[in-house]
Amino acid sequence: MKSILENRPALEATVMQVAEVAGYLWEKGWAERNGGNITVNISEHVDDEIKAMPAISDVIQIGTTLPNIKDCYFYCKGTGKRMRDLARWPMQNGSIIRILPDCASYVIIADEVVMPTSELPSHLSMHDYLIGSGSKYKASLHTHPIELVAMSHNPAMLKKDVMTKLLWSMIPETLAFAPLGLGIVPYELPGSVKLADATLEQIKDYDVVMWEKHGICAVGLDIMDAFDQADVLNKAATIYLRAKSMGFEPTGMTDEAMKEVQDVFHLPKKRPC
Ligand code: 2HA
Ligand code: ZN
């Protein structure tokens, strides 16, 4: 069977980047079993031939109405699929969907009938917001980074920007490469519209948000960018936990040192440090 990726190098490169990131997630231990999900808005790569491709699934409801994603196309990891399998076979462990004109339902168009991720409401809500706000971001990632999830079990860490400031203070690069910090979404049922709505509120202010006791959701220009932001934040969390496990509370960079990084690197100053 001919793949939709054939003779479409830009689309193929986008999907292969998803496969590369899926491999990293597995190697990092952030993607046990079918854990985590990825969606990428691939509408920019859609030609007339793709637009004419018939549906290979029934019409499936999203569960919410999202006007800005009308007629858009997304690559979505499949529900129940493993990141470690997606790393090798992205089109057998994910599929391409077309959002229908009612903005509330979709069909699968390629390559196989792989049902999209259980977190589709959250992912599509974020894409809807990103398109609506004129953002260039195309990718959305949900994963289970061990150290960040561990920190979210401490209620003190869940107060607004407490974790952001602590993580920024662990190593200067965190501030430089995750300059918007980490938003917090209080615990909600995985896959629920409530989780999607709460995520949406936070993603307006942060590129990466913590789903309490579950994982993170990150958005970025492409999937590597979203992954990188999650990775730098989790690196800072790991440093914090290693220091704690050596028996001391890490001092963290001073406020002055952090402000200097913000100034020298011309970083956005949306949050106090
Ligand atoms: O896709 O991680 O939150 C599996 C999950 C759901
Ligand atoms: Zn999850």
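As the structure is a prediction and not an experimental result, all values here were calculated from the model.

1. What about the overall build of the protein?
Counting its secondary structure elements, the protein contains 10 helices and 9 strands. Taking 2.2 N^0.38 as the reference for a compact globule, 273 residues should give roughly 19 Å; the C-alpha atoms of the protein span a radius of gyration of 19 Å, in line with that estimate. If you line up the protein on its principal axes, its C-alpha atoms span 60 × 35 × 35 Å. A fraction of 72% describes how many contacts in the protein between residues 6 or more apart in sequence connect residues 24 or more apart. Approximately 12100 Å² of the protein is accessible, and the part contributed by carbon and sulfur atoms is 55%.

2. Topic: the packing of helix H1 (residues 9-27) against helix H9 (residues 223-245)
It is at 9 Å that the axes of H1 and H9 come closest, and there the two elements cross at 20°. Comparing the axis directions of H1 and H9 gives the class roughly parallel. Between H1, through Gln17, Val18, Glu20, Val21, Tyr24 and Leu25, and H9, the contact on the second element is made entirely by Ile223, Met224 and Phe227. Split into classes, the residues belonging to the contact of H1 with H9 amount to 7 nonpolar, 1 polar and 1 charged.

3. With respect to the pairing of strand E8 (residues 208-211)
Burial along E8 is two-sided: the residues Val208 and Met210 and Val209 and Trp211 are all buried. Looking at chain direction, strand E7 (residues 182-185) and E8 are connected through 4 bridges and run parallel. Bridged to Leu182 within E8 is Val208. After leaving E7, the chain enters helix H8 (residues 193-203) and then returns to the sheet as E8, a path that is right-handed. As defined by bridge partners, E8 adjoins strand E9 (residues 215-220) across 4 bridges and the pair is classed as antiparallel. Across the sheet, the residue bridging to Trp211 is Gly215, located in E9. Taking the residues between adjacent antiparallel strands as the criterion, E8 and E9 are bridged by 3 residues, where Lys213 takes a positive phi near 55°.

4. Remarks on unusual backbone geometry
Comment: phi is negative for the bulk of residues other than glycine, and the bulk of peptide bonds are trans. A cis amide bond links Ala110 with the next residue in sequence, Asp111, at an omega value of -25°. You can see Asp111 is positioned in the loop between strand E5 (105-110) and helix H4 (120-132). One non-glycine residue, Asp71, lies in the positive phi region at around 60°. On the secondary structure map, Asp71 appears in the loop between strand E2 (60-61) and strand E3 (73-77).

5. Side note on the coordination of the zinc ion (ligand 2)
Tetrahedral metal sites with four donors have an ideal angle of 109.5 degrees; octahedral sites with six donors have ideal angles of 90 or 180 degrees. Coordination sphere of the zinc ion (ligand 2), protein contribution only: His142 (NE2), His144 (NE2) and His214 (NE2), at 2.0 to 2.2 Å. Along the chain, the residues that donate to the zinc ion (ligand 2) are spaced as H-x1-H-x69-H. Overall, the relative accessible area of 1% leaves His142 in the buried class. A relative accessible area of 15% places His144 in the buried class.

6. Digging into the site of ligand 1
In the vicinity of ligand 1, the residues found are Asn34, Gly35, Gly36, Asn37, Ser118, Glu119, His142, His144 and His214. Interatomic distance of 2.4 Å between a side-chain N/O atom of Glu119 and an oxygen atom of ligand 1. At 3.0 Å from an oxygen atom of ligand 1 is found a side-chain nitrogen or oxygen belonging to His144. Here ligand 1 loses 88% of its free accessible area of 220 Å² to cover by the protein chains. Split into classes, the residues belonging to the shell around ligand 1 amount to no nonpolar, 8 polar and 1 charged.

7. Comments concerning the nonpolar core
Among the nonpolar cores identified, the biggest contains 52 residues, and Ile4, Leu25, Ile38, Ile96 and Leu148 are the most heavily contacted of them. Considering every element that reaches this core, the biggest residue donor is H9, with 9 residues. Contacts of Ile38, omitting those with residues within four sequence positions, involve Val18, Val21, Leu25, Tyr75, Cys76, Lys77, Met83, His123, Ser140, Leu141 and Ile223.

8. Topic: the environment of Ser3
As for its position among the elements, Ser3 is in the segment before H1. The spacing of Ser3 and Pro155 is 152 residues in sequence and 47 Å in space, taken between C-alpha atoms. If we skip the residues at most four places from it in the chain, Ser3 touches Met91 and Asp111. There is a polar contact of 2.7 Å between the side chain of Ser3 and the side chain of Asp111.

9. A few points about the packing of aromatic side chains
All told, the structure shown has 2 aromatic pairs when counted by the stated rule. An angle of 35° between the planes, with centres 5.6 Å apart, marks the rings of Tyr24 and Phe227 as tilted. Placement of the pair is Tyr24 in helix H1 and Phe227 in helix H9, with a sequence separation of 203 residues. Judged by its relative accessible area of 5%, Phe227 falls in the buried class. Ring geometry for Trp30 against Phe227: centres 6.0 Å apart, planes inclined by 50°, an arrangement best described as tilted. Within this pair, whereas Trp30 is found in the loop between H1 and strand E1 (37-41), its partner Phe227 is found in helix H9, the two being separated by 197 residues in sequence. As far as burial versus exposure is concerned, Trp30 and Phe227 are alike and both buried. Members of the aromatic cluster, connected to one another through ring pairs, are Tyr24, Trp30 and Phe227. The residue whose ring lies beneath Arg84 is Trp26, and the NZ or CZ to ring-centre distance is 4.6 Å.

Analysis parameters
- Residues numbered from 1 in each chain as written.
- Chains lettered and ligands numbered in written order.
- Predicted model: local features only at pLDDT ≥ 70, side-chain atom pairs only at ≥ 80, totals over all residues.
- Heavy atoms only, no water.
- Helix = DSSP H or I, 4+ residues; strand = E, 2+ residues; numbered from the N terminus.
- Rg over C-alpha atoms; globule rule 2.2 N^0.38 Å.
- Contact = heavy atoms within 4.5 Å.
- Areas by Shrake-Rupley, 256 points an atom, 1.4 Å probe, with all protein chains shown as cover.
- Axes fitted to C-alpha atoms, helices over the stretch in contact; angles between N-to-C directions.
- Parallel < 35°, antiparallel > 145°, perpendicular 65-115°, else oblique.
- Nonpolar A, V, L, I, M, F, W, Y, C, P; charged D, E, K, R; others polar.
- Buried < 20%, exposed > 50% of the residue type's maximum accessible area, 1.4 Å probe, protein only.
- Pairing = 2+ DSSP bridges.
- Right-handed = clockwise from strand over helix to strand, strands pointing away.
- Donors = N, O, S within 2.8 Å, 3.2 Å for Na, K, Ca; no water.
- Near = heavy atom within 4 Å.
- Polar contact = N/O pair within 3.5 Å; in protein donor to acceptor, adjacent residues only side chain to side chain.
- Core = buried A, V, L, I, M, F, W, Y, C linked by side-chain atoms within 4.5 Å.
- Phe/Tyr/Trp six-rings, centres within 6.5 Å; stacked < 30°, edge-to-face > 60°.
- Lys NZ or Arg CZ within 6 Å of the ring centre and 35° of its normal.

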